[in-house]
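Remarks on the overall topology
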Amino acid sequence: MSCSYYAPQQLEELLAILAEKKEKAKVLAGGTDLVIALQEGNLDYDYIVALHKIPELKGISMSGDTIVIGAMTTHTEVERSPIINANALLLAQAAASVGSPQIRNAGTIGGNICNASPAADTIPALIALDASVKIVSKGSERKMPLEDLFLGMGKTKLSCDEVIKEISFKALPDGAGSIFIKLARRNALAISRISVAAIVASNEYVTDCRIAMGAVAPNPFRLRGAEQAWLGRTVTADNLDICVEAAFQEISATLGQRASAIYKKRAGKALIRRALSIASGQM
Ligand SMILES: Cc1cc2nc3c(=O)[nH]c(=O)nc-3n(C[C@H](O)[C@H](O)[C@H](O)COP(=O)(O)OP(=O)(O)OC[C@H]3O[C@@H](n4cnc5c(N)ncnc54)[C@H](O)[C@@H]3O)c2cc1C
């Protein structure tokens, strides 16, 4: 395969290139997914358009209680960010669990999202955080909940002339517990077999409960039935059991009859119990 390479230095320049080249162009972030796909000959583009020189796509900031992460922010930067560690610990944990140090230094949060893998580690954490993405193209801008971006494994609603500029979400309130846990074939440098992101806030009663799962469906998703099962109830082991059982029913319905279902249902249930126990301070 031979193709031309662009490395625009401004967002406007990038969007003009994408508007002109349309489906013949592909954007390159850290390249940890895309370069492999190109090397395997699975993709055929005339133009590769690198994002790494565009300052508008980088950095982590907080204004009021809203946190904004540029799409080209690397997993290492997310993992080490004081803003993320103080206000969205589960996302720092998810970023820290991606691949190896080399992969985290190159791979970006925007690339992790746009690759749309069922096992992408930052997506469950971001979905639990109710994150939104800002999508830009030449002369236009739109924002949507991250959860609505996906159309199945490897597919998103992005048009060929659009890029994700940034991801935003509200900081977790004081006292909210959060955690990301991933189960893989080994502890390091391994793709998730199942992952869980959980947020729990409570006084005597559960005031906020958010659970997202990765690697059990074509895209990560929220377990809203299970969340509702614990909301408004006391933070007791009995009520945690009710929530975990509701989660089990939701996972079972999603997994259907596929070969890995027996393992994933049981392991997923155990992982959710552990995540919720830790996030709610019971463990
Ligand atoms: C050895 C190895 C281990 C890995 N381990 C893990 C792991 O444990 N967990 C995990 O989640 N992932 C893992 N990955 C996958 C990968 O590292 C991540 O998905 C990474 O975050 C992708 O980001 P990137 O910047 O490299 O994206 P790229 O490879 O550059 O791009 C990926 C896709 O996203 C598109 N894209 C990128 N940025 C944008 C944007 N801003 N707007 C629109 N489209 C965009 C590209 O066109 C491409 O289609 C691993 C990969 C390798 C090679």
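Residues numbered from 1 in each chain as written. Predicted model: local features only at pLDDT ≥ 70, side-chain atom pairs only at ≥ 80, totals over all residues. Heavy atoms only, no water.

Examining the site of the ligand
Around the ligand, 34 residues are found, and the nearest of them are Val27, Thr32, Asp33, His75 and Thr108. Contact distances for the ligand include 2.6 Å between an oxygen atom and a backbone N or O atom of Val27. Contact between the ligand and Thr108: an oxygen atom at 2.6 Å from a side-chain N or O atom of the residue. Taken by itself the ligand offers 980 Å² of open surface, and the protein chains cover 89% of this. One can see that the ligand is located within the largest pocket. Of all the elements in the fold, those that place two or more residues in the shell around the ligand are β2 (25–28), α2 (34–39), α7 (109–115) and β8 (163–170). A total of five residues in the shell around the ligand trace back to one element, the largest contributor, which is α7. Looking at the shell around the ligand residue by residue, the classes come out as 18 nonpolar, twelve polar and four charged. (Near = heavy atom within 4 Å. Polar contact = N/O pair within 3.5 Å; in protein donor to acceptor, adjacent residues only side chain to side chain. Areas by Shrake-Rupley, 256 points an atom, 1.4 Å probe, with all protein chains shown as cover. 1 Å grid on protein atoms, 1.4 Å probe; cavity = no way out; pocket = protein on both sides within 12 Å on 5 of 7 lines; lining within 4 Å. Sits in = over half its atoms within 2 Å of the grid points. Helix = DSSP H or I, 4+ residues; strand = E, 2+ residues; numbered from the N terminus. Nonpolar A, V, L, I, M, F, W, Y, C, P; charged D, E, K, R; others polar.)

Considering the domain arrangement of the protein chain
Under the domain assignment used here, the protein chain contains domain 1 (4–50), domain 2 (56–170) and domain 3 (177–279). Each of domain 1 and domain 3 was reduced to a C-alpha centroid, and the two centroids are 36 Å apart. (Domains from an automatic or database assignment.)

Focus: the state of the cysteines
Applying the stated criterion to the full structure yields zero disulfides. Cys209 forms no disulfide, and the closest cysteine sulfur to it belongs to Cys243, at a distance of 4.6 Å. Exposure remark for Cys243: the relative accessible area of 0% places this residue in the buried category. (Disulfide = S-S within 2.5 Å. Buried < 20%, exposed > 50% of the residue type's maximum accessible area, 1.4 Å probe, protein only.)

Focus: helix α10 (residues 237–255)
Residues separated by three or four positions in an α-helix point in the same direction, a consequence of the helix having 3.6 residues per turn. Between the first and last C-alpha of α10 there are 26 Å, a value that for 19 residues agrees with the 27 Å anticipated at 1.5 Å per step. Of the positions making up α10, those classed as buried are Asn239, Leu240, Cys243, Val244, Ala246, Ala247, Phe248, Ile251, Ser252 and Leu255. Looking at the buried residues of α10, the elements they touch are β11 (206–214), α9 (224–230) and α11 (261–279). Among the residues trailing α10, Gly256 stands out with phi positive, at a value near 60°. (Expected span 1.5 Å × (residues − 1). Contact = heavy atoms within 4.5 Å.)

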